[in-house]
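Architecture at a glance
Below are the chains, spelled out letter by letter.
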Amino acid sequence: MKPYRRRTSTLAVRRTLRRRGTQPKVVALGGGMGLSASLAALRRITGDLTAVVTVADDGGSSGRLREELGVLPPGDLRKALAALCGDDDWGQTWARVIQHRFQSKGEINGHAVGNLLIVALWEQLGDPVQALDLVGRLLGAQGRVLPMSAVPLELQALVRGHDPERPDEVDTVCGQATVALTPGEVQSVHLVPHDPPAVPEAVAAVLDADWVVLGPGSWFSSVIPHLLVPELLDALAETKARKVLSLNLAPQPGETEGFSPQRHLEVLGRHAPKLALDVVLADEAAVPDVSAREPLADAAKRLGAAVELAPVARPDGSAKHDPELLAAAYDRIFRMHGRIGPWR
C-alpha cells in the first residue's frame, strides 16, 4: 500500500471531466461534519452528486424542532446543503446565511436559519424531498440532498460500562446526541422503528450510481445508521456501483474512543455482514507503519476491499479533512479502481 502524495488540481480535473462528458455519478452517505467534509471534496470533482443524510439527530435546534413540530431533524440536511454551495460569492454568502444561528434570550436562541427555512418549506409543500430540492436551487447547490428516511428515527445503542459504577453491565442508551458522547464502550446500535422506510429517491440514487461513498463521520451515529435501513442496505448490495469507505482521521471521544482503524471496519462488518466494499480510504498519518497497516489491510480484505492511503488531513494538524486533498484522493480512487463503463 504505497502512500499517495501528489496533490491534484481538482478544479482542473473537474473541468476536464466535464469537457469529456465523463463525470461519475456519486452518492455520499453520512451525516454531520463528516458528510460535509466528503461533499466539499466530491463537489470539486463531479457535478453529479447526491447526499443521503441520516435523520436520527435529536439534539440542539434540530431536536427542538423535531420535538415541537414532529418533523425530520433538519440540521444534518442543512449542513450537507451548505457543503454543496459553490465557492463564488453567491454560494458562500448563502452557506453562511443558512448556517447562521440566532443568539437571543428568547425561544429562537440557538436555531439555525437553514433549519427554519427547511422546516417552513416542508410545511408549505408537504414533501421533504421537493422542499430540499427547492432549497438546493435557491442556494445554487452543486448536488442534491436527500434524507435517508421520510420518518424521524431514534438511535439506540447497547453500551457496556455506560454507568462507571457498573463497568461490566450493558445498558441501552437512547438518542443520537447521547450515543455520540456516551462513556463506556458501544457494542451495537439499532434504529427505532427497526425497519424504517427509505426515501425512494435515495434508493434510486444508490442503484444508479457509479460510486457510493460511505463516511467519514461519527461511526455509530452517522455512518452505520444507513446500513440499518433495510431498503438502503438492499440497494447497496444490489447496486453495480463501486463502494468506498472513508475512515475518520482519529477516534472520537465517546463512541469510538480507543478504536484502531481496523476496529472501525470490524464493527461496521458486524452491523452489515453481507455488505461488500471495494476501497477503504485512510489518512496515511493514521496508519504510519507496517504494524498498523497490516491489520487494517486484513480487516478491509474481509470486506472485499483494498486499502488506499493518502494525506487527507489539513496541514494545520487539526483532525479535519482538507477538501482539496480529500478530493485528490477520491479522484485517484475513482480513476484507478476500475469503471463500470464510461461515466455517463
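Every value quoted in this text rests on a predicted model; they were computed, and no experiment measured them. (Residues numbered from 1 in each chain as written. Predicted model: local features only at pLDDT ≥ 70, side-chain atom pairs only at ≥ 80, totals over all residues. Heavy atoms only, no water.)

Turning our eyes to something else, we now look at the layout of surface pockets. Looking at the largest pocket, its volume works out to about 950 Å³. Lining the largest pocket are 40 residues; nearest its centre among them are Gly32, Met33, Gly34, Ser36 and Ala37. The set of elements that each furnish at least two residues to the lining of the largest pocket consists of helix H2 (32-42), helix H4 (75-83), helix H5 (89-99), helix H8 (176-180) and helix H10 (219-223). Top element by residues in the lining of the largest pocket is H2. It accounts for six residues. When the residues that make up the lining of the largest pocket are grouped by side-chain class, the tally is 16 nonpolar, 15 polar and nine charged. (1 Å grid on protein atoms, 1.4 Å probe; cavity = no way out; pocket = protein on both sides within 12 Å on 5 of 7 lines; lining within 4 Å. Points joined across faces, edges and corners; volume = space filled by probe spheres on them. Helix = DSSP H or I, 4+ residues; strand = E, 2+ residues; numbered from the N terminus. Nonpolar A, V, L, I, M, F, W, Y, C, P; charged D, E, K, R; others polar.)

Here we come to the domain arrangement of the protein chain. As far as domains go, the protein chain holds domain 1 (23-48 + 195-337), domain 2 (55-147) and domain 3 (154-192). Relative placement of domain 1 and domain 3: their C-alpha centres are 23 Å apart. Taken together, the contact between domain 1 and domain 3 spans 14 residues of the former and 14 residues of the latter. Carbon and sulfur atoms make up 59% of the surface buried where domain 1 meets domain 3, a total of about 990 Å² over both sides. (Domains from an automatic or database assignment. Contact = heavy atoms within 4.5 Å. Buried area = accessible area lost by both parts, 1.4 Å probe.)

This brings us to the pattern of salt bridges. Under the defined criterion, the tally for this structure stands at 14 salt bridges. A salt bridge links aspartate 163 to arginine 166, with the shortest nitrogen-to-oxygen separation between them at 3.2 Å. With a shortest N-O distance of 3.4 Å, aspartate 171 and arginine 166 are connected by a salt bridge. Each member of the salt-bridge network shares a partner with another, and the members are Arg43, Arg44, Asp87 and Glu324. (Salt bridge = Lys/Arg side-chain N within 4 Å of Asp/Glu carboxyl O.)

Turning our eyes to something else, we now look at the confidence of the model for the protein chain. Any residue range with low pLDDT should be treated as having predicted coordinates unsuitable for detailed reading. For the protein chain, per-residue confidence averages 88 on the pLDDT scale, and residues scoring 70 or more make up 92% of the total. Across the protein chain, element-level confidence peaks in strand E2 (residues 49-53) with a mean pLDDT of 98 and bottoms out in helix H1 (residues 10-20) with 45. Predicted confidence for residues 1-20 stays below pLDDT 50, and this span has 45 contacts to residues more than four positions away or in other chains. Predicted confidence is poor over residues 340-344, with pLDDT under 50, and the contacts of this stretch with residues over four places away or in other chains come to 17 contacts. (pLDDT = per-residue confidence, 0-100.)

The omega torsion of the bond from valine 192 to proline 193 falls at 0°, within 30 degrees of zero and hence cis. Structurally, proline 193 can be placed in the loop between strand E6 (185-192) and helix H9 (200-208). The linkage connecting glycine 215 with the following residue, proline 216, adopts the cis geometry, with an omega of -5°. With respect to the helices and strands, the residue proline 216 is situated in the loop between strand E7 (211-214) and H10.

Quick look at the side chain of threonine 256 now. For threonine 256, the position within the fold is in the loop between strand E8 (242-246) and helix H12 (261-271). According to the relative accessible area criterion, threonine 256 is buried, its value standing at 0%. A polar atom in the side chain of threonine 256 sits 2.8 Å from the backbone nitrogen of glutamine 252. Ignoring sequence-local partners within four residues, the contact set of threonine 256 consists of Trp219, Phe220, Pro251 and His264. (Buried < 20%, exposed > 50% of the residue type's maximum accessible area, 1.4 Å probe, protein only. Polar contact = N/O pair within 3.5 Å; in protein donor to acceptor, adjacent residues only side chain to side chain.)

The next point concerns the pairing of strand E4 (residues 154-160). The two faces of the sheet receive side chains in turn, since in a regular strand these alternate between them. As defined by bridge partners, E4 adjoins E6 across seven bridges and the pair is classed as antiparallel. Note that in E6 the partner of glutamate 154 across the bridge is valine 192. Looking at chain direction, E4 and strand E5 (residues 170-174) are connected through five bridges and run antiparallel. Considered in E5, the bridge of alanine 157 is made with valine 173. (Pairing = 2+ DSSP bridges.)

Bringing the sheet that holds strand E3 (residues 144-147) into the picture now. Judged by pairing direction, the sheet is parallel, and its seven strands sit side by side in the order E3-E2-E1-E7-E8-E9-E10 without closing on themselves. Among the strands making up the open sheet, the edge pair consists of E3 and strand E10 (306-310). Averaged over all adjacent pairs, the angle separating strand axes in this sheet is 20°, with direction ignored. Of the pairings in the sheet, the one linking strand E9 (residues 279-283) to E10 comprises five bridges and is parallel in character. If you follow valine 280 over to E10, its bridge partner there is valine 307. Packing against the sheet, H4 makes contact with E2 and E3, and its axis sits at approximately 165° to E3. (Axes fitted to C-alpha atoms, helices over the stretch in contact; angles between N-to-C directions.)

Packed helices, taken two at a time, are described by the angle their axes make and the gap between the axes. Packing of H2 against helix H14 (residues 323-336) leaves a shortest axis separation of 8 Å and a crossing angle of 70°. Taken together, the axes of H2 and H14 lie roughly perpendicular to each other. The two elements H2 and H14 meet at a crossing, and its hand is right-handed. Here Ala37, Ser38, Ala40, Ala41 and Leu42 of H2 come into contact with H14, specifically with Pro323, Leu326, Ala327, Tyr330 and Phe334. When the residues that make up the contact of H2 with H14 are grouped by side-chain class, the tally is nine nonpolar, one polar and no charged. (Parallel < 35°, antiparallel > 145°, perpendicular 65-115°, else oblique. Left-handed = near helix turned anticlockwise from the far one by under 90°.)

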